[in-house]
Amino acid sequence: MGKKTIHVSDFSGTVLRPDDEVVRVVVLEHPDLVAGPVRLDATTAEVESIDDASLDVAVVEIHDRHGGGEPRRVVLTASEFDAMATDVPMAQLLRTAERVRPPKARKTAEKVDYGTIEHAGRPHRGRVTEEEARLVRERLDEVNKRLAEAGLRQVDPADPEHAARYGFPPAALDPAARPAEA
């Protein structure tokens, strides 16, 4: 038996033929985007007018007391932003304004606690703590469901490396050693 994969445009649902050029569109920001950038596939014809529809925009951060210490990010048309400069044209103002350096990247990433159900079983190079191993053994279905949803490899008690890493009993390795189900 064979499998056949059919690709369709995310925009129109049109079946893409093997000779069609597939265009990848990565949505970086959108009001309905919840969990970060996403990828959409489309045909060349479907996205050819995207450049014509593009807007000249200004993206600004407003640092004031209303943001609770965090800047507010605002997107507006470039002409609306330009109109805010009443003394000097905006182009001149932007050329002569004080340069802002991007914030320095943190040298140390936030430490992940693999001893919690949110992170237990995730692939990592560090040592597996007893707490992480216990969570993986006791809640394997939940851990594997979370890993699958994140597109990560799942924990397999029959895999000798996983069995040793998470402390699965030897019976989990050998199906013949498991007691027969009634």
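Quick caveat: nothing in here was measured; it's all calculated off a predicted structure.

### Quick notes on the nonpolar core
Here is step 1: In this structure, V136, L140, V143, V155, Y166 and F168 are the most contacted members of the largest nonpolar core, which totals 13 residues.
Here is step 2: Elements represented by at least two residues in this core include exactly α5 (130-138), α6 (140-149) and α7 (160-166).
Here is step 3: Look past the residues within four positions of Y166 in its chain and what remains in contact with it is G121, R122, V128, E132, A133, V136, R137, R153 and V155.
Here is step 4: One finds A58, V60, L76 and F81 within the second-largest nonpolar core, a separate group that totals six residues.

### Examining α5
Since there are 3.6 residues in each turn of an α-helix, residues three or four apart along the chain are aligned in direction.
Here is step 1: Where α5 is concerned, the buried positions are E132, A133, L135 and V136. Along α5, the residues classed as buried sweep out an arc of 160° about the axis, all on the same side. Residues E130 and E138 are exposed on α5 and point more than 90 degrees away from its buried face.
Here is step 2: Those residues of α5 hidden inside the fold are in contact with α6 and α7.

### Some details on the confidence of the model for the chain
Here is step 1: A residue-level look at the chain finds 89% of positions with pLDDT of 70 or above and a mean pLDDT of 85.
Here is step 2: Averaged pLDDT values for the elements of the chain fall to 87 in helix α2 (residues 50-53) and rise to 94 in α5.

### Examining the side chain of R146
Here is step 1: Secondary-structure assignment places R146 in helix α6.
Here is step 2: Buried charge without a salt bridge: R146, with E142 as the nearest opposite-charge side chain at an N-O distance of 6.4 Å.
Here is step 3: Of note is the side chain of R146, whose polar atom sits 2.9 Å from the backbone oxygen of I117.
Here is step 4: One polar contact links the side chain of R146 to the main-chain carbonyl oxygen of E118, over a distance of 3.2 Å.
Here is step 5: Each residue touching R146, except ones within four places of it in the same chain, is listed here: I117, E118, H119, A120 and R122.

### Focus: a nonpolar patch on the surface
Here is step 1: A contiguous nonpolar patch, built from L55, V57, V59 and V75 and spanning about 360 Å² of accessible area, is present on the exposed surface.
Here is step 2: Within the fold, V75 resides in strand β6 (residues 72-77).

### Describing α6
Here is step 1: Burial in α6 covers these residues: L140, V143, N144, R146 and L147. The arc enclosing the buried residues of α6, seen along the axis, measures out at 160°, which places them on a common side. Those residues of α6 that are exposed and aimed more than 90 degrees away from the buried face are D141, K145 and E149.
Here is step 2: Buried residues along α6 sit in contact with α5.

Reading guide: rules and limits
- Residues numbered from 1 in each chain as written.
- Predicted model: local features only at pLDDT ≥ 70, side-chain atom pairs only at ≥ 80, totals over all residues.
- Heavy atoms only, no water.
- Core = buried A, V, L, I, M, F, W, Y, C linked by side-chain atoms within 4.5 Å.
- Buried < 20%, exposed > 50% of the residue type's maximum accessible area, 1.4 Å probe, protein only.
- Helix = DSSP H or I, 4+ residues; strand = E, 2+ residues; numbered from the N terminus.
- Contact = heavy atoms within 4.5 Å.
- Arc of directions from axis to C-beta.
- pLDDT = per-residue confidence, 0-100.
- Lys, Arg positive; Asp, Glu negative; His and termini not counted.
- Salt bridge = Lys/Arg side-chain N within 4 Å of Asp/Glu carboxyl O.
- Polar contact = N/O pair within 3.5 Å; in protein donor to acceptor, adjacent residues only side chain to side chain.
- Patch = residues over 30% accessible without salt bridge, like charges linked within 9 Å, V, L, I, M, F, W, Y side chains within 5 Å.
- Areas by Shrake-Rupley, 256 points an atom, 1.4 Å probe, with all protein chains shown as cover.

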